[in-house]
Amino acid sequence: MAQQQSLASSGGENLGRVILISTSAAIGGFLFGFDSGVINGTVDALRGAFNSDAVGTGFNVASMLLGCAIGAFFAGTLADKFGRKLVLIVTALTFIVSAWGSGISGSSMEFVFYRVLGGLAVGAASILGPAYISEIAPSRIRGRLTSLQQLMIVLGLFAAFLSNYYLADVAGGAAAEFWMGYQTWQWMFWMEMLPATVFFVTLLFIPESPRYLVAAGKLDEAKAVLASISHPNDAESKVADIQATLEKDRKPRLSDILNKVTGKLHPVIWVGIVLSILQQFTGINVVMYYGATLWQAAGFTESDALMQNVIIGAVNVSFTFLAIALVDKVGRKALLLVGALGQAVMLGIMALIFGMAEFNPETGNLALSDNMGLYALLAAMGYIGFFATTWGPVLWVMLGEMFPNQFRGAALAVCGILHWTSNFAITMSFPIMLATIGLGYSYGIYAAFGVLAYFVVRKFVTETKGRTLEQMSSEG
């Protein structure tokens, strides 16, 4: 009787347990965000600590993304082989080691090694978090629960920005000596060890994905998990539904992404690939990785630039809550369309402001008037607002649910590696673009990709709102 009362009456789910499990898995998204954002306030300090030029600085920042590409590629296939839970636990341990190692690094080579290691964890978390949640969540609220991943990402970014600002403010700068004789930038990285440890501990108590268990032939375990998160009487039928979407007697494998008749990639995988690339080519991680450098190039002091990051991080968090409220009501495709155009407009405004600004030869940076500086900040906040409401969370929601059960892990691997390779290309190229064509033209290029994204979504994306994974699998 007590168990029956704990079930959500609207769908028969044990909603409290589903939310708790989903939140635990989404902590990986927090670490994804923190690891991505912490570099933002350390760029200039790292340049001084390792005596690196523009290309070297770009590689120090972007090196993590090489690990992300590898981690995202192998995470899906490893999760199909060994289970989502085990791979997530290894990911948590990798976060801890990377955070510690990044702070103790004494050279660019050592730093890059630990950042690549952290990238492996970020890449794995970016793929496995949404996939695991989508496999646990009821279809009617799957979009909102999968959006927890993006909420955690932006909370992690905000936490990193706030931590960086606080530590630099107390110490007097990212390169200043801080506690126990270590420099501030080192402590910025070490702060990540706290949430990484929490992630590791919580993962010990979550169940394995029932869809993985069915694929692995562990039907009794799958039924037990489904009975604990949904109405017990439905467990048997849900196992049967999952079985119907899997090829009999074998686990998914990478070759499943190819159509057995044509030998080519399934069309739905092409859609996932293009969405993954376009999310990056609108320049979001230029703001997230180089925010302090960007605002200093626009004439702000280091302290003010770090504060701009905190403001943008707060906007990011606020609008992600809006995304969670809208994604299962408005739908995925509509949000992507609005977001693509909104981002393009805001990036275009920033391109005009930075393009018309005068160059200050004494500082080597742009000289924005008070009004233009305010307008640039407002445009950046608008851009972040559109991204956080649309492309930020919706990409991960769609990647977690748009692929059939049989090749979901393999499809996520392919989309993941191309997503992070695109991220690397944008991140590595920005310092070079900043030094050659300037902020104005750089943001103009990102705006053009926003327009392209609109037309791609309009023509090729199919709505997935309210449909079960098994329904989409049967159509895939």
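Up top is the structure.
Residue numbers here run from 1 along each chain, matching the order of that chain's written sequence. Only residues with pLDDT of 70 or above have their local features reported here, since the model is predicted, and side-chain atom pairs are shown and tallied only from 80 upward, although totals for entire chains, interfaces and linings are computed over all residues. Note that the side-chain values use all heavy atoms of the structure and ignore hydrogens as well as water.

Caption draft 1: Structural detail: the overall build of the chain. Helix and strand assignments follow DSSP, with helices taken as H or I runs no shorter than four residues and strands as E runs no shorter than two, numbered in order from the N terminus. When helices and strands are counted, the chain shows 21 helices and two strands. Split into buried and exposed, the 476 residues of the chain put 59% on the buried side. We call two residues contacting when some pair of their heavy atoms lies within 4.5 Å. For the chain, long-range pairs separated by at least 24 residues make up 80% of all intrachain contacts whose partners lie at least 6 apart in sequence. Here the Shrake-Rupley method, with its probe set to 1.4 Å, supplies the accessible areas, and only the displayed protein chains count as covering residues. For the chain, the exposed surface amounts to about 18,200 Å²; the carbon and sulfur share of it is 66%. Each residue gets one of three labels from its accessible area relative to the maximum for its type: buried under 20%, exposed over 50%, partly exposed in between, using a 1.4 Å probe on protein chains only.

Caption draft 2: Inspection of a nonpolar patch on the surface at higher detail. Within the patch definition used here, like charges are joined within 9 Å and nonpolar side chains (Val, Leu, Ile, Met, Phe, Trp, Tyr) within 5 Å, considering only residues with over 30% relative accessible area and no salt bridge. By definition here, a salt bridge exists when the distance from a side-chain nitrogen of Lys or Arg to a carboxyl oxygen of Asp or Glu is within 4 Å. A contiguous nonpolar surface patch, about 530 Å² in accessible area, is contributed by Ile70, Phe74, Leu78, Phe82, Leu86 and Val90. Within the residue set of the nonpolar patch, elements represented by two or more residues are helix H4 (54-82) and helix H5 (84-104). Considering each element in turn, the nonpolar patch owes the most residues, four residues, to H4. When you line up the elements, leucine 86 lands in helix H5.

Caption draft 3: The packing of helix H2 (residues 15-38) against helix H6 (residues 108-136), seen in detail. Only C-alpha atoms enter the line fits that serve as axes; for helices the fit covers just the stretch in contact. Angles between N-to-C directions range over 0 to 180 degrees. Where H2 meets H6, the axes come as close as 9 Å, and the angle between the chain directions of the two elements is 155°. Between H2 and H6, the crossing angle belongs to the class labelled roughly antiparallel. Helix-helix and strand crossings are classified by hand; for H2 and H6 the assignment is left-handed. Between H2 and H6, the residues in contact are Val18, Ile21, Ser22, Ala25, Ala26, Gly28, Phe32, Asp35 and Val38 and Arg115, Gly118, Val122, Ala125, Ser126, Gly129, Tyr132, Ile133 and Ile136, respectively. For this classification, the nonpolar set comprises Ala, Val, Leu, Ile, Met, Phe, Trp, Tyr, Cys and Pro, the charged set comprises Asp, Glu, Lys and Arg, and every other residue, Gly included, is treated as polar. Its residues placed into classes, the contact of H2 with H6 shows 11 nonpolar, five polar and two charged. With respect to orientation, any angle under 35 degrees is reported as roughly parallel, any angle over 145 as roughly antiparallel, any angle of 65 to 115 as roughly perpendicular, and every other angle as oblique. What makes a crossing left-handed is the near helix being turned counterclockwise from the far one by less than a right angle; a clockwise turn instead makes it right-handed.

Caption draft 4: Region of interest: the nonpolar core. Buried Ala, Val, Leu, Ile, Met, Phe, Trp, Tyr and Cys residues form a nonpolar core when they are joined through side-chain atoms within 4.5 Å. Among the nonpolar cores identified, the biggest contains 137 residues, and Trp391, Leu399, Phe403, Trp420, Tyr443 and Tyr446 are the most heavily contacted of them. Contacts of phenylalanine 403, omitting those with residues within four sequence positions, involve Val268, Ile269, Gly272, Arg408, Ala411, Leu412 and Cys415.

Caption draft 5: Structural context of helix H20 (residues 438-460). Here the expected length of a helix is defined as 1.5 Å per residue gap, with one fewer gap than residues. Compared with the 33 Å implied by 1.5 Å per residue over 23 residues, the 34 Å span of H20 between its first and last C-alpha is a close match. Buried within H20 are the following residues: Gly438, Leu439, Gly440, Ser442, Tyr443, Tyr446, Ala447, Gly450, Ala453, Tyr454, Val456 and Val457.

Caption draft 6: Main features of the side chain of arginine 332. Tracing the backbone shows arginine 332 in helix H16 (residues 332-356). Polar contacts, as used here, are pairs of N or O atoms within 3.5 Å; protein pairs need one atom able to donate a hydrogen and one able to accept it. Residues neighboring in sequence count only if both atoms are side-chain atoms. There is a polar contact of 3.0 Å between the side chain of arginine 332 and the backbone oxygen of valine 327.

Caption draft 7: Representation of the environment of glutamine 406 in the model. Positionally, glutamine 406 belongs in the loop between helix H18 (391-401) and helix H19 (408-436). Owing to a relative accessible area of 7%, glutamine 406 belongs among the buried residues under this scheme. Spatially, the C-alpha atom of glutamine 406 lies 8.6 Å from that of alanine 215, the residues being 191 residues apart in sequence.

Caption draft 8: Region of interest: the packing of aromatic side chains. Two rings from Phe, Tyr or Trp (for Trp, the six-membered ring) form a pair when their centres are within 6.5 Å of each other. A pair whose planes differ by under 30 degrees is stacked, one over 60 is edge-to-face, and the rest are tilted. Summed over the entire model, instances satisfying the criterion amount to 11 aromatic pairs. Here the aromatic rings of tryptophan 100 and tyrosine 114 are separated by 6.3 Å at their centres, their planes lie at 85°, and the arrangement is edge-to-face. Separated by 14 residues along the polypeptide, tryptophan 100 in helix H5 and tyrosine 114 in helix H6 bring together distant segments of the chain. Linked through ring pairs, Trp179, Tyr182, Trp187 and Trp190 together constitute an aromatic cluster.

Caption draft 9: Structural view of the side chain of serine 422. The topology assignment puts serine 422 in helix H19. Classification of serine 422 by relative accessible area gives buried; the value is 7%. Among the polar contacts made by the side chain of serine 422, one reaches the main-chain carbonyl oxygen of leucine 418 at a distance of 2.8 Å. Once residues lying within four places of it in the same chain are set aside, the contact partners of serine 422 are Ile277, Gln280 and Phe281.

Caption draft 10: How the structure looks around the pattern of salt bridges. Tallied over the entire structure, the rule returns four salt bridges. For aspartate 35, the salt bridge is made with arginine 115, and the minimal N-O distance between the two is 3.4 Å. Linking aspartate 35 in helix H2 with arginine 115 in helix H6, this pair joins segments that are 80 residues apart in sequence. For arginine 115, a relative accessible area of 1% translates into the label buried. The residue arginine 84 makes a salt bridge to glutamate 135 at a minimum N-O spacing of 2.8 Å. Taken together, the residues arginine 84 in helix H5 and glutamate 135 in helix H6 connect sequence positions 51 residues apart. The burial state of arginine 84 is the same as that of glutamate 135; both residues are buried.

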